[in-house]
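For reference, the chains in residue letters:
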Amino acid sequence: MTLLEHTSTGPDLAPLNDLIPQRFWTGTSHHAPEVYEVDCSDFEMNDADLRPDGELARRMRATFDSVGLVVLRNTRLTSIAAMREFAKIVLDAEMVYEGGANPRDRIEANVYEIGAPLAARLPYHHEMAYVSKSTRLISFVCADALPDRGATYVSDGVASTDAILATELGQKLKAHGVCYHRSLTDAENFVGEIGYGVYNHWQKSFGTDDPAVAEAKAIERGLLVEWGPNRLMKTRFYNPAFEYFAQLDRNLLYASLADHGMWFDTWPLVQHLPFAERPLHMTFGDDTEFTRDELEQFIKIYDDFGTKVDWRQGDVAVICNYRFAHGRPEIHLESGEQRTLGVMLGEQFDRIGQLPGKW
Ligand SMILES: [Fe+2]
């Protein structure tokens, strides 16, 4: 399965909101490529280079440890399986993907497809910030690249944390945290139908056809559950907006507007709905909405520290999920074009949130 299959074929309904501009960077990358790239031209990319004590492995780990980002370039690798072996040098333990997150289909063992249509803009986010278990790392490997576009952007988490804490918005996030609202539809209501308003069915998200089992699994993950009409499963999850990162001994910004209803601003079949009716939404932890000003400010804080990461086939990126957020603008393919990234998640951990005195 490739990402192409996600591209909508149904009628597009116009977006409802006046879209908040997202630039993803300032036009100049916050980090120069020399800081995070490892040129693999001089490596054979064979088993010897996979050895943990080898030169390539040491360079990868050292770059990752100091920057929180490493990208292998000029690997000449063409198979996702081979790229995955190199990513695993840094990914200590691959996480088996569990429910409660985006629907993804496996493209290789423990390599997952990006759970979003290419035509959708993906605002900056830290992976799995909206559930109680998150991942320390995320890796992207590139099977098919576009010659002139399709970059992923990463935003420096230390810089964005410092910037947001200097604002009233940051102080509100520190004081109240956030609430993640999700509305999971019932698959049985959509058999043979065009999926208007559909993002994820609870059956797929929790791997069961039994609403009682889905509810029990949700509660186990710390979610509050309510059922709406047509077996619509509505969950709420309250969590701090920051997460303590032991390596730097400080709290880092972990929440982003990818979990706000505006995530769907460019999604076919969903973009016409008001925020409160969209499949996911985020408010402050006291259940109050973000104002338009706050939304613009929150987006800009991530954009201000963005770095553009272009893709070529064979590239292997590993991103620290604390020190970087990731996202990308929408991508439109011409006929015959493909852009395929595999994603792997690293070791999972239980969110501990923000610690007092660690700012
Ligand atoms: Fe992501």
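Each remark here, short or long, concerns the structure printed above.
Criteria and thresholds
Residues numbered from 1 in each chain as written. Predicted model: local features only at pLDDT ≥ 70, side-chain atom pairs only at ≥ 80, totals over all residues. Heavy atoms only, no water. Core = buried A, V, L, I, M, F, W, Y, C linked by side-chain atoms within 4.5 Å. Buried < 20%, exposed > 50% of the residue type's maximum accessible area, 1.4 Å probe, protein only. Helix = DSSP H or I, 4+ residues; strand = E, 2+ residues; numbered from the N terminus. Contact = heavy atoms within 4.5 Å. Salt bridge = Lys/Arg side-chain N within 4 Å of Asp/Glu carboxyl O. Donors = N, O, S within 2.8 Å, 3.2 Å for Na, K, Ca; no water.

## Details of the nonpolar core
Step number 1: With 84 residues, the main nonpolar core has L173, F290, F298 and V318 as its most contacted residues.
Step number 2: Sorting elements by how many residues they give to this core places strand β7 (residues 137–144) first, with six residues.
Step number 3: Setting aside residues up to four positions removed in sequence, V318 forms contacts with M60, F64, G68, L69, V70, A87, V90, L91, L137, I138 and S139.
Step number 4: Grouped together as the second largest cluster of nonpolar side chains are 11 residues, A120, L122, W263 and F264 included.

## Quick look at the pattern of salt bridges
Step number 1: Applying the stated criterion to the full structure yields 19 salt bridges.
Step number 2: For K133, the salt bridge goes to D350, with nearest N and O atoms at 2.8 Å. Remark: D350 occurs in strand β19 (residues 348–350) and K133 occurs in strand β6 (residues 133–135); sequence separation between them is 217 residues.
Step number 3: The class of K133 is partly exposed, set by a relative accessible area of 33%.
Step number 4: Under the relative-accessibility criterion, D350 is labelled partly exposed at 47%.
Step number 5: A salt bridge links D148 to R149; the shortest N-O distance between them is 2.9 Å.
Step number 6: Given a relative accessible area of 57%, D148 falls into the exposed group.
Step number 7: When salt bridges with common partners are traced through the structure, they connect R23, K300 and D304 into a single cluster.

## Side note on the coordination of the iron ion
Step number 1: Coordination of the iron ion by the protein comes from H125 (NE2), E127 (OE) and H326 (NE2), over a distance range of 2.1 to 2.2 Å.
Step number 2: Between consecutive donors of the iron ion, the numbers of intervening residues give the motif H-x1-E-x198-H. On the criterion of sequence distance, the pair formed by E127 in the loop between β5 (122–125) and β6 and H326 in strand β17 (residues 324–328) is long-range, its members being 199 residues apart. Residue E127 shares its accessibility class with H326, and that shared class is buried.

In short, geometric facts, not functional conclusions.
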